[in-house]
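An overview of the molecular structure
So you can see what is in the structure, the chains are spelled out below.
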Amino acid sequence: QVQLVESGGGLVQAGGSMRLSCAASGRFVSIGTMGWYRQAPGKQRELVATISSGSTTNYVDSVKGRFTISRDNAKNTIYLQMNSLKPDDTAVYYCNAAVRLSVLSIMEYWGKGTLVTVSS
C-alpha cells in the first residue's frame, strides 16, 4: 500500500508565503511524476504544478513566478513553495503521484489534501 501524506497547510495573509510537503511511503519500485493539485470551494480540482522524476517542472499559468515545486528523490518527497499568496489561492491542495509498483504496474495515488487559506 502506498500513502501520500501532505503537510504544511494553514492560514496566511495575502502576500505571505507557505511551503507544502508531500511524502510518499509504502512498497513500490519507483515514483514517476508527482504533482500538486488544488480544489477551491465550488470549483473543480485543477493542476497547480508537476515535477518529473528528472525534475522537469510544469506550472499552471496563474502560479508561474510565485510557486516553486521541488523534489527530494532520496526522501520520496515533493515540496511546493508558495510566495506572494493571493486569496484566490485558497483551496485544498492535493498531492498526486504516479507510482511504479512492479515492472508491469503503475498506479496513480492521491493524498488526502491540506487546506490553505489566504486571508485578504
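Below, the structure is looked at part by part.

So, how was this worked out
Residues numbered from 1 in each chain as written. Predicted model: local features only at pLDDT ≥ 70, side-chain atom pairs only at ≥ 80, totals over all residues. Heavy atoms only, no water. Helix = DSSP H or I, 4+ residues; strand = E, 2+ residues; numbered from the N terminus. Buried < 20%, exposed > 50% of the residue type's maximum accessible area, 1.4 Å probe, protein only. Salt bridge = Lys/Arg side-chain N within 4 Å of Asp/Glu carboxyl O. Phe/Tyr/Trp six-rings, centres within 6.5 Å; stacked < 30°, edge-to-face > 60°. Lys NZ or Arg CZ within 6 Å of the ring centre and 35° of its normal. Pairing = 2+ DSSP bridges. Disulfide = S-S within 2.5 Å.

Things to note about unusual backbone geometry
Of note in the backbone geometry, Ser 55 takes a positive phi value of approximately 75 degrees without being a glycine. Assignment of secondary structure puts Ser 55 in the loop between strand E5 (46–51) and strand E6 (57–59). A positive phi angle, close to 50 degrees, is found at Ser 84, a residue other than glycine. Residue position: Ser 84 is located in the loop between strand E8 (77–82) and strand E9 (91–100). With relative accessibility at 41%, the residue Ser 84 sits in the partly exposed group.

Considerations on the pattern of salt bridges
Pairs may arise between side chains of opposite charge once their charged atoms sit close together. One pass over the full model with this rule turns up 4 salt bridges. Across the pair Lys 64 and Asp 61 runs a salt bridge whose closest N-O atoms are separated by 3.0 Å. Overall, the relative accessible area of 59% leaves Asp 61 in the exposed class. A salt bridge links Asp 89 to Arg 66; the nearest nitrogen and oxygen atoms lie 2.8 Å apart.

Here's the deal with the packing of aromatic side chains
Under the definition given, this model contains 1 aromatic pair. Considering the side-chain rings of Tyr 37 and Trp 110, the 4.9 Å spacing of their centres and the 65 degrees angle between planes classify their relative orientation as edge-to-face. One end of the pair, Tyr 37, is in strand E4 (residues 30–39); the other, Trp 110, is in strand E10 (residues 106–110), with 73 residues separating them in the sequence. The partly exposed category is assigned to Trp 110, whose relative accessible area is 34%. In this structure, Arg 45 packs its charged tip against the face of Tyr 94, placed 3.7 Å from the ring centre. Cation over ring: Arg 45 sits above Trp 110, and NZ or CZ is 4.6 Å from the ring centre.

Remarks on the pairing of strand E3 (residues 18–26)
In the case of a regular strand, side chains alternate between the two sheet surfaces. Pairing of strand E1 (residues 2–7) with E3, which is carried by 6 bridges, proceeds in the antiparallel orientation. Note on E3: the bridge partner recorded for Ser 7 is Ser 21. Bridge analysis of E3 against E8 gives 6 bridges, and the strand direction is antiparallel. Within E8, the position partnered with Leu 20 by the bridge is Leu 80.

A short note on the state of the cysteines
The final tally for this structure, using the stated rule, is 1 disulfide. Each disulfide pairs two cysteine sulfurs, and for Cys 22 the partner residue is Cys 95, the sulfurs being separated by 2.0 Å. Looking along the S-S bond of the Cys 22-Cys 95 disulfide, the torsion reads about -80 degrees, which is the left-handed sense. Of this pair, Cys 22 sits in strand E3 while Cys 95 sits in strand E9, and the two are 73 residues apart along the sequence.

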